[in-house]
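One letter stands for each residue in the lines below.
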Amino acid sequence: PLASRQLAMSPDGTKMAVVKPDNNGVLQIYVRSLQFNSDTQITSFGRDSYDPTWSPTGEWIAFVSTDPGNDEIYRVSPDGAIVQRLTDNTYEWDKHPTWSPDGTQIVFYSNRDTGRRQLWIMSADGSAQRNLTGDEFENWDPVWTR
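This structure is a prediction, so every number in the text was calculated from the model and none was measured. (Residues numbered from 1 in each chain as written. Predicted model: local features only at pLDDT ≥ 70, side-chain atom pairs only at ≥ 80, totals over all residues. Heavy atoms only, no water.)

S.K.: How do you make sense of the nonpolar core when you look at a structure like this?
M.R.: Most often, soluble globular proteins keep nonpolar side chains buried together rather than apart. Judged by nonpolar contacts, the single largest core of 15 residues is most densely connected at Ile42, Ile61 and Phe63. Taken together, the elements giving at least two residues each to this core come down to β1 (15-21), β2 (27-33), β5 (61-65) and β6 (72-76). (Core = buried A, V, L, I, M, F, W, Y, C linked by side-chain atoms within 4.5 Å. Buried < 20%, exposed > 50% of the residue type's maximum accessible area, 1.4 Å probe, protein only. Helix = DSSP H or I, 4+ residues; strand = E, 2+ residues; numbered from the N terminus.)

See the structure below:
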């Protein structure tokens, strides 16, 4: 829980990415100003979004959304102006993104290819996705500490 809270905090410590339901009861990503205790909605998908993590550079918030029918990883600018889908797993899910300390990569877990939870890594723009573990074990919830 402590690592998740730290991952959702902006690099300057003034904001936090939070998950809460919108007026339709769909979980969305919001940016909470800690100074003013106010929330700004930055996603507006038809299905739930969750698991936000702020990039160390402050440019992006990576998160998971079930909007395409399965769990996929996206990134959104902190003002919500730019939303980009980073993964396209035709099996079931890609989950739990966490940024590398320099913000150039994202590690996550996926059940693609094997049906088992495996650790994957990709560039911050979603390119160069590759399996890090590729073993017979279940591997999940990676946290890249800063």
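From this point, things continue past the structure.
S.K.: Could you clarify how one ought to interpret the sheet that holds β2 in this entry?
M.R.: Hydrogen bonds between backbone atoms are what pair the strands of a sheet, whose relative direction is either parallel or antiparallel. Here three strands make up an open sheet; going across it, the order is β1-β2-β3 and the pairing antiparallel. Edge strands, defined here as strands with exactly one partner in the open sheet, are β1 and β3 (38-41). Neighbour to neighbour, the strand axes of the sheet diverge by 40° on average, direction disregarded. Inspection of the sheet shows β1 paired to β2 by seven bridges, in the antiparallel sense. By the bridge assignment for β2, Met16 is matched with Arg32. (Pairing = 2+ DSSP bridges. Axes fitted to C-alpha atoms, helices over the stretch in contact; angles between N-to-C directions.)

S.K.: Got a minute to help me understand the sheet that holds strand β8 (residues 94-99) in this structure?
M.R.: Taking strand neighbours across the sheet as the criterion, the four strands line up as β8-β9-β10-β11 in an open arrangement whose pairing is antiparallel. Unpaired on one side and paired on the other, β8 and β11 (130-131) mark the two borders of the sheet. Looking at chain direction, β8 and strand β9 (residues 105-110) are connected through four bridges and run antiparallel. If you follow Lys95 over to β9, its bridge partner there is Tyr109.

S.K.: Just to check I follow, could you spell out the packing of aromatic side chains for this structure?
M.R.: Each aromatic ring pair is described using two quantities: the centre-to-centre distance and the angle formed by the ring planes. The full count for this structure, using the stated rule, is four aromatic pairs. With a centroid separation of 5.0 Å and 55° between ring planes, the pair formed by Phe45 and Tyr74 is classed as tilted. Of this pair, Phe45 sits in the loop between β3 and β4 (49-54) while Tyr74 sits in strand β6; the two residues are 29 residues apart in sequence, bridging distant segments of the chain. Taking relative accessible area as the criterion, Phe45 reaches 16% and is therefore assigned buried. Each ring, one from Trp93 and one from Tyr109, has its centre 5.5 Å from the other, and the planes form 75°; the classification is edge-to-face. (Phe/Tyr/Trp six-rings, centres within 6.5 Å; stacked < 30°, edge-to-face > 60°.)

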